[in-house]
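# Notes for the structure review
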Amino acid sequence: MKISLTLNGEVVTADVEPRQSLVDFLRASGLTGTHSGCEHGVCGACSVRVGGHVVRGCLMLAVQTDGQTVETIEGLTQSAAIADLQAAFHRRNALQCGFCTAGMLLTAHELLALDPLPSRDDIRDYLSGNYCRCTGYQAIIDAIADVAAERSGR
């Protein structure tokens, strides 16, 4: 099937198999920051933004993005939309192996857009659909709380 979407700010037209997942389409397109983890939508490693909302790329078919706007970690990095989050993750050592990091950053970006100064419990709740097996979450929560405080001038 032929699809046309706006991918990280550029119009892309592609032929895709009807059953190809969005994450597989993105990775085949060279956007390897989005990872395929559990393939059941529970780990969050495949998180991308479609229409401005974080979705699980393993549960969405590429054909469903026809006419949509899709943003990946590469697009948000290139636009510098998450530069402060990335710096805080680095500063707080919230990166570790990096497999979950893209999904964590996308989810944190969405959270801070919805709630500029979330409590630590709110951060934990919002990240509950993203698994990390390396950092134990504390460093990730610290990094997001730091950015929220910095953005609010605290």
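This write-up is about the structure you can find in this document. Keep in mind that what you see is a predicted model, and the values were worked out from it rather than measured. (Residues numbered from 1 in each chain as written. Predicted model: local features only at pLDDT ≥ 70, side-chain atom pairs only at ≥ 80, totals over all residues. Heavy atoms only, no water.)

### So, the nonpolar core
L85, F89, M104, I140 and I144 are the most contacted members of the largest nonpolar core, which totals 26 residues. Put simply, the parts of the chain that give this core at least two residues each are helix 2 (73–78), helix 3 (83–91), helix 4 (101–114) and helix 6 (138–152). With residues up to four places along the chain from it excluded, the contact list for F89 reads A94, L95, T101, M104, L105, I140, A143 and I144. Of all hydrophobic cores here, the second largest spans 14 residues; its members include L7, A14, F25 and M60. (Core = buried A, V, L, I, M, F, W, Y, C linked by side-chain atoms within 4.5 Å. Buried < 20%, exposed > 50% of the residue type's maximum accessible area, 1.4 Å probe, protein only. Helix = DSSP H or I, 4+ residues; strand = E, 2+ residues; numbered from the N terminus. Contact = heavy atoms within 4.5 Å.)

### Focus on the pairing of strand 1 (residues 2–7)
The alternating pattern of strand 1 places I3, L5 and L7 on a buried face, while none of K2, S4 and T6, on the opposite face, is buried. Of the strand pairs in this sheet, strand 1 and strand 2 (residues 10–15) are connected by six bridges, and their pairing is antiparallel. Bridging across to strand 2, K2 finds its partner in D15. Hairpin connection from strand 1 to strand 2: two residues lie between these consecutive antiparallel strands, with N8 at a positive phi of about 50°. Sheet topology note: the strand 1/strand 5 (residues 69–71) ladder contains two bridges and is parallel. When the bridges of strand 5 are listed, L7 appears paired with V70. (Pairing = 2+ DSSP bridges.)

### A word on the sheet that holds strand 2
One open sheet holds the five strands; their spatial order is 2-1-5-3-4, and the pairing between them is mixed. Only two strands of the sheet have a single partner each, and these edge strands are strand 2 and strand 4 (53–56). Across the sheet, the axes of successive neighbouring strands diverge by a mean angle of 40°, strand direction being ignored. Contacts from helix 4 reach strand 3 (47–50) and strand 4 within the one sheet, and its direction differs from that of strand 3 by about 40°. (Axes fitted to C-alpha atoms, helices over the stretch in contact; angles between N-to-C directions.)

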